[in-house]
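Architecture and fold: a report
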Amino acid sequence: MESEKPQSSFQTWFDTCLVHDDEKADVAQRLRQEAQAHFESLCQPSSSPEDNISSPSKSSTVEQDLSNASSSTSNGAIALLVSILGPAFSQNNVPLNHKITARVRAVNCLIGALEGSSSLTHGVRQGVGNFLTELCRAESIEQGNDDAVMIDSGEYVDGANLTPEEITQQLEAMDRTQQQRPKGGSSPAADDVRDGAILALTALLQSRLEIFPTQQSQSTCPVKEAIGVVHQSMELRMELAMLGLTSRCESDDSSDNYNSFNAGDGYETIRPGLNVEGLSQLPRMKRSLCFKLLAGALDGLKADKSQLEQLIQQQSSTTKEEIGCVFPNTLLKEMSKFASLTSSCLHGETDPRCLLQLLHLLNKMQQILLPLFFSTPAINPRIEFPTVEVFDAVAPYYPVHFTPPKNDPHGITREMLQDALIAVLCERGAMYSDNAIEDENSNGSENENATMAELSARMFLERLDPPKFTNDYDPPSSPESEEEDKVDALRDLSILLLTSSSTSNTGAHITVAFVSELSSSLARAHEEAVSTDKTTDANSLASRVRKFASSFANSLAPISVNNGDVKVRHTTLLWEAFVHDATRKLVSNLSSSPQSMHGRSSTAYLAALAAEGGLPTLRKVLDASLPRLLDLLSKHEDSSSADDEKMAAAIRGIAAFMSSCYVALKMWERNNRGVQVHPHPLSKYISQILQKIATALKGMRGKGNDGPLTLAAAGAFESALTAADLSGLEAGDMNVIEELLDLMSAVVLEKVDDAASRDDDTLRQWKKSCARALGAAIATGLHKSEDLPNTGERLESLAQSLLPKVLAGSVCLSKPHLERYDWMVLAGACANGSPNVSEQIVTSLLSRTIDDLQKKVDVRECSPKFQCFSLMALAYLVRCGGPNVGKVFHSLSSPATTPLDVINELCVPLDQDSLQDGDISDPPKQVTRQLPVGMSHLQLPDSLAKDEEMKNATIQRAYSVMPYLIEAYVCPSSTSSCDNLVAFVDQILPPLSELDEVKLYVAFPLLAAVLNGQNDVWKVVSSATGERLQSMTTYLAQFSMSEDHDSFSRSAAASCLFAILIHGGEGVDSGGENIKNLVDRVVYPAVTESVACLQQTFDGASGVTSATDHACTANVEAALNFMALLGSAAACRGGRCSQTADEIASCLVQVACNGSSSAFAFKSPGNEAQQHPILDPASLAFVLPAAAFGSMLSVKNGGPFWRQRIIHKTLPILMKTLQEQATSRSPPALGSLAVVAHMLCSVSQTHLGESKIRQMIPTLIAGLVYFSKNLDVIARGGKATKGLDVLSIILAALAKILRISPEDVTKFVGVIIPSLLLLSTCNALETYTPNQLIALQCLEIVTTHPNARNAVLREKDQVTAALSVIVDHPSKIIRQAVVHVRNVWFTL
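Residues numbered from 1 in each chain as written. Predicted model: local features only at pLDDT ≥ 70, side-chain atom pairs only at ≥ 80, totals over all residues. Heavy atoms only, no water.

Examining the packing of aromatic side chains
Which entries qualify depends on this criterion: For Phe, Tyr and Trp, where Trp contributes only its six-membered ring, two rings pair if their centres lie within 6.5 Å, and the inter-plane angle classes them as stacked under 30 degrees, edge-to-face over 60, or tilted in between. Per the convention used, a helix needs a DSSP run of H or I reaching at least four residues, while a strand needs a run of E reaching at least two, with both numbered from the N terminus.
All told, the structure shown has 15 aromatic pairs when counted by the stated rule. Here the aromatic rings of Trp823 and Tyr876 are separated by 5.9 Å at their centres, their planes lie at 40°, and the arrangement is tilted. Residue Trp823 is located in helix H31 (residues 821–832), and its partner Tyr876 is located in helix H34 (residues 869–880); the two are separated by 53 residues in the primary sequence. In textbook terms, an aromatic cluster arises when at least three aromatic residues are bridged by ring pairs, as seen for Phe10, Trp13 and Phe39.

So, in structure tokens, the structure goes:
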């Protein structure tokens, strides 16, 4: 019964295939799904390899597998299904459409069955595969049909009862139908059968091999027989894939046109038996199916390879060597044919989808097949992988020049194609080792034996260093494109040769001759790049060439000597060829003309090799270069006609090689856990180098000979102190160092006065060089080391005696504009020295800062001009002294002076005796250096006036040094001080006295610098500190809005609050309730109160003065700005806080446009005020919420979508207001005008929408015209400050519109130019200068308008005449702008 069930199911499927009354299109798909489900149920869990070989077996045959297979297994069921479905493919005496329908349904049954079968035996796969390849062939389905079939299919015309005209019409219709058919003779419906056979064959080849045990097997070596079956399976997969592809590509007339396609196109003719000439004639979808067939064969081959490895692992080591790594020649030949056929499919392919698929297929083939070729021992004649054929197929596509069409639905980009192509050229993922490395003296000229790495590298190299004197050279269209082309070639070379995989050895795949050629080409490309590069940054072509050369040398550098390892010896030969050739060719330029372009280029190239090419490369380059340069200096040092430029270039070259040595040794120590190199590479040259430097600087005293030679010598001295090992120097050499240090310290530490400002550039460079050398000496001398002998102690004593002198000079008074060379010395010492050097310097400067702050001074005279040069020096060190300065500054702890000590000292009230008159007889009070704490702190002062004066003087002194202290709190290391600073602020909030306010004035700017800096403080802040920050928010809000504090401290408090609200709420205020509470409890009451006060001034209440009016306006402005700050914080925070942001933004826009909202309202201006709003204070008040809304939009924090959300909420309010005001003859309302300008300035064009922008532009132009006509009122009116602000934002919005969308203002150009001319030629106060500059800029931009050329030319004479009047404007910047704009208009 079990055998009848599948047979009955198969018979049902067969009957369904022959049923022709059901024309549903999904019948074939349903049969495929049923067959797949049935065969999946038959497949049992795969057995282990031991089970597969438990019974003796011999090579499977079709007869054995079919006779012993049960229908309950997938193998027997497949055989049974093929036998049952066979008549569906052989029936003839049926109509053509019925025949094709039956075949399509039968093929889909086979597809589903094969997709559901996880494993098949070799014999079953061979039998089914042969059957499917026959279905792939071209067949004239119409042949053999009788007359009835032809009549039914419409191929016969019955002339009975037809007129001659009707017969003619039917024959013409049949002729047109015949012409539209494919030339191969197969109809589109017949191609469906062939495509289905390809799909079925793909599923067959992807299935796993099952080694079927048979009862007839009597072998005594079952595993060896099983391995033979696997080899046969691998060979069969290759054969079936190739046969299926060629069968699908053939047509009825293929034999007549054989080898005619693609002949003569530069491609090799495909060998007999591998004819794919019809591939290019297939549609893209059908070609894609063929490529999937090849990929399926590779998948099956990979599974066979895995199964083969499992079989080999069961054998002993002796047996493994005998049978494990040998593949039959017949299998290797088939794989070679398969690779050739696959690569030939690429010839002429132009569709990017198929091209991408084929490139992925070729790389997959390399990954699977290449290891099989190279794992087999070399046999004469050896069967090679067709690397050259694969390269010839992909090389024409390099480099990829593909631009995807607009709105490409397939998403294929140039980068995707380039990456896939490079993967093939680099054999990405193909892990193999060439056991037959060519002879070391081989020149590798035989192209047929070349590896893919060498072939690809030569092609890349031709792009980097093209042969310019051949007929094939096609120069790029521009120098920019040539440089980009070379940069791309260098990138591809890096991908190929600088492999990051430890299992892949590129050196084994290239020859010595090629490496020598590569070395020469890189040197030429570098020299040419140096001569043409306009920049010297790391992204220039010359820098990239040096980087690649040094990295390649490092990858080849021998780590250890192992003469017994062929690969190590081969890699060593490659390294010698690369480095030796470069040094041999380039060092001659160093000794002949180091100052020339060739010499400078050679120095840079060799120095890069020495720096990053590995330790062997460093020694090789130094031994070849330094003797040449030292000999050159020896020849010219006694000559009266010495060339200073040549000697300076030689010394600079020596300095470059010493710096390269320093970099190389640092890399070595970092990669080898701090192990130092001995002997030092510079040990045998350092004595001579010091002598040459001293000779070059001989006779230098102060401002003597400060030419290029001395500058080079000072730089070389710095490099020598930093890079060389000074422990082995003799006493005479140490005397030279001491003399040079004395000379340079005299130059650097001379008295600083106004004379320094008159130093020329060369002298300043000389002093800077001396400062850097002194810094290097201090860093080297004070570096902590345990193995320095007596000479190290001497250098340490020199540094210890030099450092106090420099520190003493660094705190001396000087003019602010003068360069401080003593600060440069300290910065160099910190940057080049160990942390202990920075600790000594920072501690000394902080102690000196405390001493300066504790000095008793006359507060009323000195506090406004108080200068603390120790803090200035410390700020300079933070900027220029490296990361150690900031780390040391924020890691200091007691008993040393700490940053918190400086903060406390700044908060100490100044001596009140200095605030009293000399005739006051009150006894002097004892000055305390710490503020009292506790309830006694609330006692009333003796004099409120004196207390206020003392507070102001203390704050004034703190503010004078605060910018320098803030520098230290902006650095990344300030995160370690965040907890202490927050605890300091938390103790004094809320402030209970004037002295507490002083502390807050000092601490808030520092805390804002820490919280808003680029230091990731929010990732490392402790939970306790986060809770403290959250508890401060209410106090910070109240402090920010209080009128009793100065603007600087209020701004700092608001900045702290903003940072806390955005970053500090995770885990504490996740729902954003803190922001909502601040808005409801702090902001809205303050806004309501300040607006009410402002309305009283508008109503003319008694006692209101101009000062009161200004104060009320300032209070409203501050409250609205703070409201906008909370709104932007909520918007950036996102989530549930977005509703608060929407509420605030809508409130501001409603008040600005309509005068009222649910929170507060402004008084509506009268009719007269609407006619001239610029003179009406009530109308100007509407600018305040608009400006607050603009500040909300200008915030750069947060994600990318919050601004779009705000616009979505507020834009309808503005659009409604603009529509209502469109019919009015009055000037535009200032509130809505300001909102329009702010939106146009701060929001992108895509967020606003083109239609909305066109609706806003008339309001903007109307405002421009209104302000241009009433500019004289603004210029002479002191109350119109807000009017100038509105004008500024209008001009800024206009400048943006003219740049990004000038077509939107084309019809307004005739109005814009006169208005801008009026605004540009006004002689107003200095406060108007920024607006005048923007107006001139707009006047220049409008000349480039693409669609208003005639309108611009009509205004040319008027504009040039008006601008000529103000060329003598009092402001220099205005005069320059006017001349520039006037010249632009003159050239129209």
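So much for the structure itself; the text now carries on.
A short note on empty space enclosed by the protein
To be explicit about the condition: Residues are said to line a cavity or pocket when one of their atoms sits within 4 Å of a point; the points come from a 1 Å grid over protein atoms alone, cavities being sets where a 1.4 Å probe fits but cannot get out and pockets being open sets with protein on both sides within 12 Å along at least five of seven lines. Grid points are joined across faces, edges and corners, and a volume is the space filled by probe spheres set on the points. Think of it as three bins: nonpolar holds Ala, Val, Leu, Ile, Met, Phe, Trp, Tyr, Cys and Pro, charged holds Asp, Glu, Lys and Arg, and polar takes everything else, Gly as well.
Per the counting criterion, the structure on display carries 2 cavities of 30 Å³ or more. Volume-wise, the second largest cavity comes out at about 40 Å³. For the second largest cavity, the full set of lining residues is Leu1240, Val1243, Ser1244, Gln1245, Leu1248, Ile1253, Lys1296, Ile1297 and Ile1300. Listed by contribution, the elements that provide at least two residues to the lining of the second largest cavity are helix H52 (1245–1248) and helix H55 (1281–1300). A total of 3 residues in the lining of the second largest cavity trace back to one element, the largest contributor, which is H55. By residue class, the composition of the lining of the second largest cavity is 6 nonpolar, 2 polar and 1 charged.

Thoughts on helix H2 (residues 27–42)
Put simply, the test is: One less than the residue count of a helix, multiplied by 1.5 Å, gives the span that helix is expected to have. Think of it in three bands: residues with accessible area under 20% of the maximum for their type are buried, residues over 50% are exposed, and the middle band is partly exposed, with areas taken using a 1.4 Å probe on protein chains only. The arc refers to the directions leading from the helix axis to the C-beta atoms.
Here H2 contains 16 residues, and its C-alpha end-to-end distance of 23 Å stays within 8% of the 22 Å for a straight helix at 1.5 Å per residue. Among all positions of H2, only Val27, Ala28, Leu31, Arg32, Ala35, His38, Phe39 and Leu42 are buried. The buried residues of H2 occupy one face: seen down the axis, they fall within an arc of 135°.

Concerning the packing of helix H17 (residues 414–425) against helix H18 (residues 452–464)
Quick reminder of the rule: Between N-to-C directions, angles span 0 to 180 degrees; the directions come from axes that are lines fitted to C-alpha atoms, helices contributing only their stretch in contact. Oblique is the label for every angle not falling under 35 degrees (roughly parallel), over 145 degrees (roughly antiparallel), or within 65 to 115 degrees (roughly perpendicular). It only takes one pair of heavy atoms within 4.5 Å for two residues to be counted as in contact.
The contact between H17 and H18 brings their axes to 9 Å, and the two run at 130°. Here H18 runs oblique to H17, going by the angle between their axes. Touching Ile422, Val424 and Leu425 of H17 are Met452, Ser456, Met459 and Phe460, all from H18. Here the residues of the contact of H17 with H18 sort into 6 nonpolar, 1 polar and no charged.

Concerning the nonpolar core
Formally: Only buried residues count toward a nonpolar core, which is a set of Ala, Val, Leu, Ile, Met, Phe, Trp, Tyr and Cys residues joined through side-chain atoms within 4.5 Å.
In this structure, Leu369 and Phe578 are the most contacted members of the largest nonpolar core, which totals 422 residues. Counting residues per element, this core draws most heavily on helix H15 (residues 352–374), which supplies 14 residues. Here Leu369 is in contact with Leu298, Leu301, Met335, Phe338, Ala339 and Phe385, once residues within four sequence places are set aside.

Quick notes on the confidence of the model for the protein
Just so we agree on the cut-off: As a per-residue quantity, pLDDT reports the predictor's confidence and falls between 0 and 100.
With 78% of its residues at a pLDDT of at least 70, the protein reaches an overall mean of 79. Averaged over each element, pLDDT in the protein is lowest for helix H8 (residues 147–152) (38) and highest for H31 (93). Segment residues 180–186 is flagged for pLDDT under 50; beyond a separation of four residues in sequence, or across chains, it makes 11 contacts in the model.

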